[in-house]
Amino acid sequence: MADKHEPEDSYSKNQSELTYTFENGQLSCLDCDVSSIPKELIEDYCNITSRLDLSFNLLESLQGLEHFKFLKELVLDNNTLDNSVDFPVLKELQTLTLNKNKFSDLTDLLDKLVASFPNLTYLSLLGNEACPDQLSSSEKDDEDYQRYRYYVLYRLPKLKFLDSTPVTSSEVSEARRVGPYQQVVRPKAILESSESSTSGSPTNVYSPLPSETQDMETADHKEVEELNVARSYWGKNRSRYLGRNSEGNRFITDGIL
């Protein structure tokens, strides 16, 4: 193994569980089924790596990436990264590719990229749900993708290359004008927000039954018995007014009737 303080300029290691190469500041660890950045790579190469390629793995976390302070290019294609991942602040990073991962919320992702990579000039998100291209969904069209580009360029104005296409000056100008209005509101987020806002309040359910009948349906056995007794007692003692003894009848004569 290369010494972690003085690693070789060109180095290759092959083991059944881990395969990686390092040459001229470029570190690659491909198709090793790792779910996080191997500790060995962090300890031995974090201070001398300018390009890191961890494609075709099972990455779910980027813990340890914060130690690669001099990183300028990061390739994370074909992994299982999603919106739960945290990106460390890497001020030197210029190129980031996240193709074919599981990012679904574009706004959330861009919030993190803006905060973590202030000098990003190349970004690729193809194959993610957050990127409305035909790789992620056959239902998306060119207009959907163009709106996406305007919004990304509005949030990341330093980009010179987005996905597979260079950024044009006309796109930058249009992004400044319409970018703020291109944010896509996810229906799922709206639904969850609505559910959370009403979860604490009781729901009034309409019923055509009289309130007394509804009480019978919701009352327990003891309450039902008490309600029946009260109803029976009230029914037996209810009086019927006939008007025979009314004092007002004294003033009504036969002629009036």
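- Per an unreviewed UniProt entry, the recorded name for the protein chain is Leucine-rich melanocyte differentiation-associated protein-like isoform X2, and the organism is Biomphalaria glabrata.

### Comments concerning the environment of Asp142
Right, on to step 1. Within the secondary structure layout, Asp142 lies in helix H3 (residues 142-155).
Right, on to step 2. A relative accessible area of 65% places Asp142 in the exposed class.
Right, on to step 3. In this structure, the C-alpha to C-alpha distance between Asp142 and Pro132, residues 10 residues apart in sequence, is 8.8 Å.

### Some points on unusual backbone geometry
Right, on to step 1. The backbone of Lys100 sits at a positive phi, close to 55 degrees, despite the residue not being glycine.
Right, on to step 2. In this structure, Lys100 sits in the loop between strand S6 (95-97) and helix H2 (106-116).
Right, on to step 3. In this structure, Asp163 takes a positive phi of about 60 degrees despite not being glycine.
Right, on to step 4. In this structure, Asp163 sits in the loop between strand S8 (161-162) and strand S9 (165-166).
Right, on to step 5. Residue classification places Asp163 among the buried residues on the basis of a relative accessible area of 2%.

### Section: H2
Right, on to step 1. Among all positions in H2, only Leu106, Thr107, Leu109, Leu110, Lys112, Leu113 and Ser116 are buried.
Right, on to step 2. Where H2 is buried, its residues meet S6, strand S7 (122-124) and H3.

### A few points about the environment of Tyr154
Right, on to step 1. Within the element layout of this structure, Tyr154 appears in helix H3.
Right, on to step 2. In this structure, the C-alpha to C-alpha distance between Tyr154 and Glu174, residues 20 residues apart in sequence, is 8.9 Å.
Right, on to step 3. When residues no more than four places from it in sequence are discounted, the contact partners of Tyr154 are Ala175, Gly179 and Pro180.

### A few points about the packing of H2 against H3
Right, on to step 1. H3 packs onto H2 with a crossing angle of 25 degrees between their chain directions and a minimal axis gap of 10 Å. Here H2 is positioned roughly parallel relative to H3, judged by the angle of their axes. Like other packed secondary-structure pairs, H2 and H3 cross with a definite hand, here right-handed. Listed contacts from H3 to Leu106, Thr107, Leu110, Asp111 and Val114 of H2 are Tyr148, Tyr151, Val152 and Arg155.
Right, on to step 2. Split by residue class, the contact of H2 with H3 holds six nonpolar, one polar and two charged.

### Regarding the pattern of salt bridges
Note that side chains of opposite charge can pair when their charged atoms are close.
Right, on to step 1. In this structure the tally under the stated criterion is eight salt bridges.
Right, on to step 2. Here Lys112 and Asp108 are joined by a salt bridge, their closest N and O atoms 3.7 Å apart. Here the residue Lys112 and the residue Asp108 both occupy positions in helix H2, the gap between them amounting to four residues, near one helical turn.
Right, on to step 3. For the salt bridge of Glu171 with Arg149, the shortest nitrogen-to-oxygen distance reads 2.7 Å. Here Glu171, found in helix H4 (residues 169-178), pairs with Arg149, found in helix H3; they are 22 residues apart in sequence, far enough to count as distant.
Right, on to step 4. On the basis of relative accessibility, which here comes to 10%, the residue Glu171 falls in the buried class.
Right, on to step 5. Ionic contacts of the salt-bridge type, sharing partners, join the residues Arg51, Asp53 and Glu73 into one network.

### Observations concerning H3
Right, on to step 1. Compared with an ideal rise of 1.5 Å per residue, which puts 14 residues at 20 Å, H3 spans 20 Å between its outermost C-alpha atoms and is within 8% of the ideal.
Right, on to step 2. Every buried residue belonging to H3 is among Asp144, Tyr145, Tyr148, Arg149, Tyr150, Tyr151, Val152 and Leu153, and all of these are buried.
Right, on to step 3. Buried positions along H3 lie against H2, S7, S8, S9 and H4.

### Some details on the nonpolar core
Right, on to step 1. Leu96 and Leu123 are the most contacted members of the largest nonpolar core, which totals 52 residues.
Right, on to step 2. Residues within four places of Leu96 in sequence aside, it is in contact with Leu74, Leu76, Leu113, Phe117, Leu120, Tyr122, Leu123 and Ser124.

### Here we look at the packing of H3 against H4
Right, on to step 1. Contact geometry of H3 with H4 gives a least axis separation of 8 Å together with a crossing angle of 85 degrees. One element, H3, and the other, H4, form an angle in the roughly perpendicular class. Contacts between H3 and H4 pair Gln146, Arg149, Tyr150, Leu153 and Tyr154 from the former with Glu171, Glu174, Ala175 and Val178 from the latter.
Right, on to step 2. Split by residue class, the contact of H3 with H4 holds five nonpolar, one polar and three charged.

### A look at the state of the cysteines
Here, disulfide denotes a covalent bond that connects the sulfur atoms of two cysteines.
Right, on to step 1. Tallied over the full model, the rule gives zero disulfides.
Right, on to step 2. Counting only cysteine sulfurs, Cys32 is the nearest neighbor of Cys29, a cysteine outside any disulfide, at a range of 3.7 Å.

Parameters and conventions
Residues take numbers from 1 onward in each chain, read along the sequence in its written order. Residue-level local features of this predicted model are given only where pLDDT is at least 70; pairs of side-chain atoms are given and counted only at 80 or more, and the full residue set underlies all totals for whole chains, interfaces and linings. The side-chain numbers reported here are obtained from all heavy atoms of the structure, hydrogens and water having been left aside. Every helix listed is a DSSP run of H or I at least four residues long, and every strand listed is a run of E at least two residues long, numbered separately from the N terminus. Residue exposure (1.4 Å probe, protein chains only): buried if accessible area is under 20% of the type maximum, exposed if over 50%, otherwise partly exposed. It only takes one pair of heavy atoms within 4.5 Å for two residues to be counted as in contact. To obtain each axis, a line is fitted to C-alpha atoms, and for helices this fit is confined to the stretch in contact; angles are then taken between N-to-C directions over 0 to 180 degrees. In this scheme, roughly parallel covers angles under 35 degrees and roughly antiparallel covers those over 145, while 65 to 115 is roughly perpendicular and the rest are oblique. Working rule for handedness: look at the near helix, and if it is turned counterclockwise from the far one by less than a right angle, call the crossing left-handed; if clockwise, right-handed. Here the nonpolar group is Ala, Val, Leu, Ile, Met, Phe, Trp, Tyr, Cys and Pro; Asp, Glu, Lys and Arg are the charged ones; every other residue, Gly included, is treated as polar. One speaks of a salt bridge when a side-chain nitrogen belonging to Lys or Arg is within 4 Å of a carboxyl oxygen belonging to Asp or Glu. One less than the number of residues in a helix, times 1.5 Å, gives the span that helix is expected to have. Buried Ala, Val, Leu, Ile, Met, Phe, Trp, Tyr and Cys residues form a nonpolar core when they are joined through side-chain atoms within 4.5 Å. Disulfides are defined as pairs of cysteine sulfur atoms found within 2.5 Å of each other.

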